Amino acid sequence: MEPDRETRREWTAATTEFVENFVAGLENAPASDLERRPGDFGAPPPEEPGELGDLLARFGDATAHAVETAGPRYFGYFPAGGLYTSGLADLLATIVNRYTGVAGPAPGLVALEHSVIRWFCDLFDLPPGAGGVLTTGASVATLSALHAAREDLLGGPDDRGTIYVTEHTHYCVAKAARVAGFTADAIRVVPVDHALRIDVGAAAELIRADRARGRRPFFLVGTAGSTSTGTVDPLADLADLAAAEGLWFHADAAYGGGFRLTDRGRAVLRGVERADSITFDPHKSLFLPFGTGVLLVRDQQRLRAAHTASGAYLQDFNVDVGPDFADLGPELTREYRGLRLWLPLHLHGVAAFRDQLDEKLDLSEHAHAVLAADENLVVPLPRDLTVSVFHSPGGDAATELLAKRINATQRIYLSSTRVAGRFTIRFVVLSHRTHRPHVDEALEVIRAAARV
Ligand SMILES: *Cc1c(COP(=O)(O)O)cnc(C)c1O
């Protein structure tokens, strides 16, 4: 189990060779390959050792049978190509295998991760007492935010606690509520306006009516870039309402958060800096590999108070070298997550991320205009960040067929949703590997499929 130096070099070289072929092949790889029958991926491990070459080949086979989410012509869901340098960071982090669930055993690496979180707090203009934790994604971050809000404002579980969302809020809020023990009637679905943004006046009326009926409104959610359409709620107005009514304002910036680096994004996301908690997925708008989320809380003490715990088995490391990650979320043991952010941010520099996001905004603006000008397509909504939606003028069946025809080309991959009940196709520019030629190719594929 502990290969010698020569074997280590050999295996690392073989792995590097695989990775090199994969990355170099992305430019021309099919956008999806789901038709092929899956191979035999279910074989149990053998009693005797296998061959790394064979195993890499099987891994390659399993990898190919997929949507090419790492490639430049992936425009579905939220593309996150996965930074190569995050992969290098993960290799380093797992091989040194430091324990970072609590700060004591590896205070240096914990401080390094806190420096990334502090940088995120600054990016969102949160005050000095702010803090947070890296999670696997926005779903877990949202659960911690909801739990912290309930502890802080309701003093723990309370059947009267009430949460405010819209039909376009990501389902992770309802899921978190369910996991936290709320029943469905704890959730109020606030109406939206014609552009799908939360109707803040309607939210205010619901909150007051609920309170008059003896409920305890406590959690108001604003979405900074919705999953279906990329729509940004009026965050500053929501912050005002939350302040006036004494609610916890949670901003879901899972998709939109990274755009805070750009001038245009800052303008669109105005008000997010007043949130009590913010979820943000670097595995969306910072191009990181899947499994990288952030929870930021305006007052870190509130997050810590909600999650802190102690056990005699941890007494050796009861030293105060900064907040333990275990006290800021549900996990104790975790992989060392900080390096997959720290290394790319320091190696590429922040301007590289800003430039990439500005490029995505430009590309999305261009794509939106081209789609909207096509007489065979309907573009029903404005574009806030880098999501455009469209459908066929022929109705749902025609749109569904259009989506199938586009993806069947295997040149690009798009995903779909429903907007106001209507089958709708999404076009999202977000991968760091996507540039003008890829967008032009995509527009050509879409327009050709719509002409049929
Ligand atoms: C993706 C997304 C989520 C869920 O995030 P995960 O990282 O998949 O858990 C929540 N909110 C919004 C707006 C999203 O786009």
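Residues numbered from 1 in each chain as written. Predicted model: local features only at pLDDT ≥ 70, side-chain atom pairs only at ≥ 80, totals over all residues. Heavy atoms only, no water.

### Digging into helix H8 (residues 235–245)
Part 1: Taken as a whole, H8 has its buried residues at Leu-235, Ala-236, Leu-238, Ala-239, Leu-241, Ala-242 and Glu-245.
Part 2: Where the residues of H8 are buried, they touch helix H7 (200–212), strand S4 (216–223) and strand S5 (248–252). (Buried < 20%, exposed > 50% of the residue type's maximum accessible area, 1.4 Å probe, protein only. Helix = DSSP H or I, 4+ residues; strand = E, 2+ residues; numbered from the N terminus. Contact = heavy atoms within 4.5 Å.)

### Concerning the site of the ligand
Part 1: What surrounds the ligand is a group of 13 residues, the closest being Ala-138, Ser-139, Asp-252, Asp-281 and Lys-284.
Part 2: Within the backbone of Ala-138, one N or O atom sits 2.9 Å away from an oxygen atom of the ligand.
Part 3: Ser-139 is positioned such that a nitrogen or oxygen atom in its side chain is 2.6 Å from an oxygen atom of the ligand.
Part 4: Protein contact buries 86% of the 380 Å² of open area that the ligand shows by itself. (Near = heavy atom within 4 Å. Polar contact = N/O pair within 3.5 Å; in protein donor to acceptor, adjacent residues only side chain to side chain. Areas by Shrake-Rupley, 256 points an atom, 1.4 Å probe, with all protein chains shown as cover.)

### Re the environment of Pro-217
Part 1: Turning to its location among the elements, Pro-217 is positioned in strand S4.
Part 2: Sequence separation between Pro-217 and Ser-388 is 171 residues; the distance between their C-alpha atoms is 34 Å.
Part 3: Filtering out sequence-adjacent residues up to four positions away, Pro-217 remains in contact with Thr-162, Tyr-164, Ile-207, Asp-210, Arg-211 and Leu-247.

### Considering the domain arrangement of the chain
Part 1: You can read the domains of the chain as domain 1 (92–348) and domain 2 (350–451).
Part 2: A C-alpha centroid distance of 29 Å is found between domain 1 and domain 2.
Part 3: The interface is formed by 29 residues belonging to domain 1 together with 23 residues belonging to domain 2.
Part 4: Carbon and sulfur atoms supply 67% of the area that domain 1 and domain 2 bury against each other, a total of about 2300 Å² over both sides.
Part 5: The largest per-residue losses of area from domain 1 upon contact with domain 2 belong to Phe-259, Arg-264 and Phe-287, which jointly make up 29% of the total buried on that side.
Part 6: The interface formed by domain 1 and domain 2 holds three salt bridges in total.
Part 7: Where Asp-384 meets Arg-197, a salt bridge forms, and the shortest distance between an N and an O atom there is 2.6 Å.
Part 8: Across the contact surface, domain 1 and domain 2 share nine residue pairs in polar contact (both at pLDDT 80 or more).
Part 9: Of all elements in the fold, only helix H9 (263–268), helix H10 (282–285) and helix H12 (339–348) reach the threshold of two or more residues within the side of domain 1 that touches domain 2.
Part 10: Split by residue class, the side of domain 1 that touches domain 2 holds 14 nonpolar, 12 polar and three charged. (Domains from an automatic or database assignment. Buried area = accessible area lost by both parts, 1.4 Å probe. Salt bridge = Lys/Arg side-chain N within 4 Å of Asp/Glu carboxyl O. Nonpolar A, V, L, I, M, F, W, Y, C, P; charged D, E, K, R; others polar.)

### Focus: the pattern of salt bridges
Part 1: Within the structure shown, the criterion is met by 28 salt bridges.
Part 2: For Asp-240, the salt bridge is made with Arg-274, and the minimal N-O distance between the two is 2.7 Å. In this pair, Asp-240 is assigned in helix H8 and Arg-274 in the loop between H9 and strand S6 (277–280), connecting sequence segments 34 residues apart.
Part 3: Between Asp-374 and Arg-447 there is a salt bridge whose closest N-O contact spans 2.7 Å. Placement of Asp-374 in the loop between helix H13 (350–373) and strand S8 (387–390) and of Arg-447 in helix H15 (residues 436–451) is noted, with a sequence separation of 73 residues between them.
Part 4: A single salt-bridge network, built from bridges that share partners, covers Asp-125, Arg-260, Arg-266 and Glu-273.

### Comments concerning the side chain of His-438
Part 1: Structurally, His-438 can be placed in helix H15.
Part 2: For His-438, a relative accessible area of 6% corresponds to the buried category.
Part 3: Polar contacts involving the side chain of His-438 include one to the main-chain amide nitrogen of His-435, which spans 2.9 Å.
Part 4: When sequence neighbours within four positions are dropped, the list of residues in contact with His-438 reads Glu-27, Pro-72, Arg-73, Phe-75 and Arg-433.

### With respect to the packing of H12 against H13
Two quantities define a packed helix pair, namely the angle between the helix axes and the distance between the axes.
Part 1: For the pair H12 and H13, the least separation of the axes is 5 Å and the interaxial angle reads 90°. Compared by their axis directions, H12 and H13 come out roughly perpendicular. Contacts between H12 and H13 pair Pro-344, Leu-345 and His-348 from the former with Val-350, Ala-352 and Phe-353 from the latter. (Axes fitted to C-alpha atoms, helices over the stretch in contact; angles between N-to-C directions. Parallel < 35°, antiparallel > 145°, perpendicular 65-115°, else oblique.)

### Some thoughts on the sheet that holds S5
Part 1: Taken in spatial order, the seven strands line up as S1-S7-S6-S5-S4-S2-S3 in an open sheet, and their pairing is mixed. Edge positions in the open sheet fall to strand S1 (131–135) and strand S3 (187–189), since each of these has one partner strand only. Across the sheet, the mean angle separating the axes of adjacent strands is 20° when strand polarity is ignored.
Part 2: Running at roughly 165° to strand S2 (residues 161–165), H7 makes contact with S2, S3 and S4 of the sheet.
Part 3: The sheet strands contacting H8 are S4 and S5, and the helix crosses S4 at an angle near 170°. (Pairing = 2+ DSSP bridges.)

### A closer look at the environment of Ala-244
Part 1: Relative to the helices and strands, Ala-244 resides in helix H8.
Part 2: Each C-alpha atom of the pair Ala-244 and Asp-299 lies 19 Å from the other, and the pair is 55 residues apart in sequence.

### Looking at the packing of aromatic side chains
Part 1: Applying the stated criterion across every chain yields a total of 11 aromatic pairs.
Part 2: Summarising the aromatic geometry, the rings of Phe-18 and Phe-59 are spaced 5.4 Å apart at their centres and angled 40° between planes, so their arrangement reads as tilted. Taken together, the positions of Phe-18 in helix H1 (residues 5–25) and Phe-59 in helix H2 (residues 52–64) put the pair 41 residues apart, joining distant regions of the chain.
Part 3: A relative accessible area of 22% places Phe-18 in the partly exposed class. (Phe/Tyr/Trp six-rings, centres within 6.5 Å; stacked < 30°, edge-to-face > 60°.)

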